[in-house]
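Coordinate inspection notes
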Amino acid sequence: MRATSFLALAFAASCLWLASGQDPATAPSAPVAPFARHALADELDCATCHATIVDEWATSAHAHAWIDAHYQAELATKQRPESCHGCHIPTPLAEVATHQKPPPRKAELEAHEFGVSCLTCHAGPEGAMLGPYGAATKAHPTLRDPRFAQERSNELCIGCHATTIGPVIGIARDYVTQPELAQTYSCVNCHMDEVERSMATDANDEPLAPRKGRSHTLHGPLNAEFLAKAFDIVARTEGTGPDARTLVVVTNAAGHRVPGLLDRRFELVVDALDARGAKLASTTLVVDQRAFLALNERKELVLPVAAEQVRVRATHHARRLPRPVVFLERVLPTQAD
Ligand code: HEC
Ligand code: HEC
Ligand code: HEC
Ligand code: HEC
Ligand code: HEC
């Protein structure tokens, strides 16, 4: 399974990183709090019984899709702001054709403030909540829906993530043109962790028995550790004497093209080092909307020396970040060819 190898890679990468000995001056910057807790989260009806899930969702980008200051600022500059609303205040997906972007929801259904809300993904016909089990409860009708099973869960994500509009690059476009990708890549596998926990409390406020599900904490590029997983890096040397060189291969290990916003830029500074760690040569890989990494794409960097080891230091630049963030600092041994 692709997901397993992704995790294995990520694990191996973090071990290498730990083994490299962190220098506090250059170690990844303190995490930037991605999104503050949604101020109205506890006013959701669902919060009475699904408090844990509401807590997870409340700090996700989805919760902020409408109240986001960046979004509101751009709306103010648009002649037809309605054309932006569909994905930021969507109608429930159960009413939208597969892979289509949703139209905006009617104001009487739910306040705009809740952005990509619980009802967006879970509201079904006649007040039923769609989910992986269809567990019986007096609280509301429930229905088992195949889109909450692993094999079809990408269908919950693609419609809003495949369109290039405003500052956004439709990174899931490949999933529409190559439907077979769904057999290899799962959005929720990478972005929503598997958990086993009580998913609701009963009428007496007691948690029900645990079940397998997914955390609604949405991993994204503002989480440095998660972002580092997008870059699989290996280094090797080739040739001898004056022809010797070091090749550093950077492979896109995210499940789609990288990055996903026009203003997002990643800079990977790669230094060739001798055995004692002295710098012999250096090069930089810039990854942005023009020099993007396509799905699975590898970029080969060439340094004109035989290095014993290679140091990679990567920074994330985006208008949402008050300052560039170091998200990866790693020293790799080179393999001889
Ligand atoms: C097809 C669905 C869709 C539509 C329509 C849409 N957006 Fe978005 N928007 C998204 C997605 C998905 C993201 C998150 C992308 C990411 O983080 O990579 C986003 C994020 C944003 C952000 C946050 C960017 C940041 O800096 O973090 C802004 C601002 C924004 N959209 C503005 C707009 C504007 C303006 C329009 C109308 C011209 C619009 N959106 C229409 C899906 C949409
Ligand atoms: C009065 C309490 C209560 C409220 C309010 C409530 N739920 Fe539930 N919900 C439950 C209980 C209890 C279960 C069943 C849990 C179990 O059996 O493990 C459940 C199950 C679910 C499921 C799982 C369906 C499945 O496949 O098994 C979903 C999804 C869900 N609720 C969504 C929501 C959403 C969205 C809201 C708000 C619009 C909401 N619920 C409001 C108590 C509530
Ligand atoms: C109804 C439209 C919609 C659906 C459905 C949707 N998203 Fe999003 N998603 C958005 C919007 C809008 C944003 C950006 C909000 C903002 O930054 O203002 C976003 C942001 C994100 C981000 C960026 C997170 C970050 O921290 O920057 C990720 C990752 C993401 N979505 C993954 C998913 C996954 C996985 C699914 C399917 C389970 C999904 N989305 C379904 C509209 C949607
Ligand atoms: C972008 C779509 C999306 C949004 C928004 C969303 N969910 Fe979910 N929800 C999912 C997915 C995907 C699963 C996992 C299905 C599985 O088990 O693989 C899930 C699972 C659940 C479950 C079943 C138990 C579990 O832990 O997996 C409940 C209950 C639930 N969600 C409630 C909520 C509530 C309450 C909110 C709002 C705070 C919410 N969801 C917002 C997509 C969403
Ligand atoms: C193999 C793991 C993996 C899979 C599968 C995957 N992602 Fe990602 N995703 C990542 C990583 C790692 C990043 C951070 C790099 C980046 O920002 O592009 C990311 C970033 C994102 C972003 C933010 C992009 C940006 O730079 O603004 C969005 C939105 C997103 N993913 C949505 C999705 C959706 C929707 C799917 C399914 C169609 C999906 N992802 C499948 C690993 C994955």
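This report concerns the structure included in the present document. Computed from a prediction, not measured in an experiment: that's the story for all the values here.

A short note on the coordination of the iron atom of ligand 2
Protein coordination at the iron atom of ligand 2 comes from H50 (NE2) and H140 (NE2), with a distance range of 2.0 to 2.1 Å. Considering all 6 donor atoms around the iron atom of ligand 2, the spread of angles at the metal, 87 to 178°, places the coordination shape in the octahedral class. Residue H50 is found in the loop between α1 (2–19) and α2 (51–58), and its partner H140 is found in the loop between β1 (129–131) and β2 (142–144); the two are separated by 90 residues along the sequence.

Description of the sheet that holds strand β5 (residues 231–238)
Taken in spatial order, the 4 strands make up an open sheet running β9-β6-β5-β12, and their pairing is mixed. A single partner strand is all that each edge strand has here, and the edge strands are β9 (298–303) and β12 (335–336). As defined by bridge partners, β5 adjoins β12 across 2 bridges and the pair is classed as parallel. Within β12, the position partnered with T237 by the bridge is A336.

Looking at the pattern of salt bridges
This structure, assessed with the given rule, holds 15 salt bridges. Residues D145 and R147 are paired through a salt bridge, measuring 3.6 Å at the closest nitrogen-oxygen approach. We classify D145 as buried; its relative accessible area is 13%. Given a relative accessible area of 12%, R147 falls into the buried group. Of the charged contacts, one joins R236 and E238 as a salt bridge, the two residues approaching to 3.4 Å between their closest N and O atoms. Judged by relative accessible area, which is 28%, R236 ranks as partly exposed.

Some words on the coordination of the iron atom of ligand 1
In this structure the iron atom of ligand 1 is ligated by exactly one protein donor, H88 (NE2), at 2.2 Å. Looking at the element boundaries, H88 is found in helix α4 (residues 82–88).

Considering the sheet that holds strand β11 (residues 325–333)
Strand order across the open sheet formed by 4 strands is β8-β7-β10-β11, with antiparallel pairing between neighbours. Each having just a single partner strand, β8 (279–287) and β11 make up the two edges of the open sheet. Taking the axes of each pair of neighbouring strands and ignoring which way they run, one obtains an average angle of 15° across the sheet.

Focus: the site of ligand 5
Of all residues adjacent to ligand 5, which total 24 residues, the nearest are C187, C190, H191, H256 and R264. The separation between an oxygen atom of ligand 5 and a polar main-chain atom of G260 is 2.9 Å. Among the secondary structure elements, those contributing two or more residues to the shell around ligand 5 are α8 (187–191) and α9 (224–228). When residues of the shell around ligand 5 are assigned to their parent elements, the largest contribution, 3 residues, is made by α8. Among the residues making up the shell around ligand 5, the classes are represented as 17 nonpolar, 6 polar and 1 charged.

The rules behind these values
- Residues numbered from 1 in each chain as written.
- Chains lettered and ligands numbered in written order.
- Predicted model: local features only at pLDDT ≥ 70, side-chain atom pairs only at ≥ 80, totals over all residues.
- Heavy atoms only, no water.
- Donors = N, O, S within 2.8 Å, 3.2 Å for Na, K, Ca; no water.
- Tetrahedral: all angles 85-135°; square planar, octahedral: opposite > 155°, others 65-115°.
- Helix = DSSP H or I, 4+ residues; strand = E, 2+ residues; numbered from the N terminus.
- Pairing = 2+ DSSP bridges.
- Salt bridge = Lys/Arg side-chain N within 4 Å of Asp/Glu carboxyl O.
- Buried < 20%, exposed > 50% of the residue type's maximum accessible area, 1.4 Å probe, protein only.
- Axes fitted to C-alpha atoms, helices over the stretch in contact; angles between N-to-C directions.
- Near = heavy atom within 4 Å.
- Polar contact = N/O pair within 3.5 Å; in protein donor to acceptor, adjacent residues only side chain to side chain.
- Nonpolar A, V, L, I, M, F, W, Y, C, P; charged D, E, K, R; others polar.

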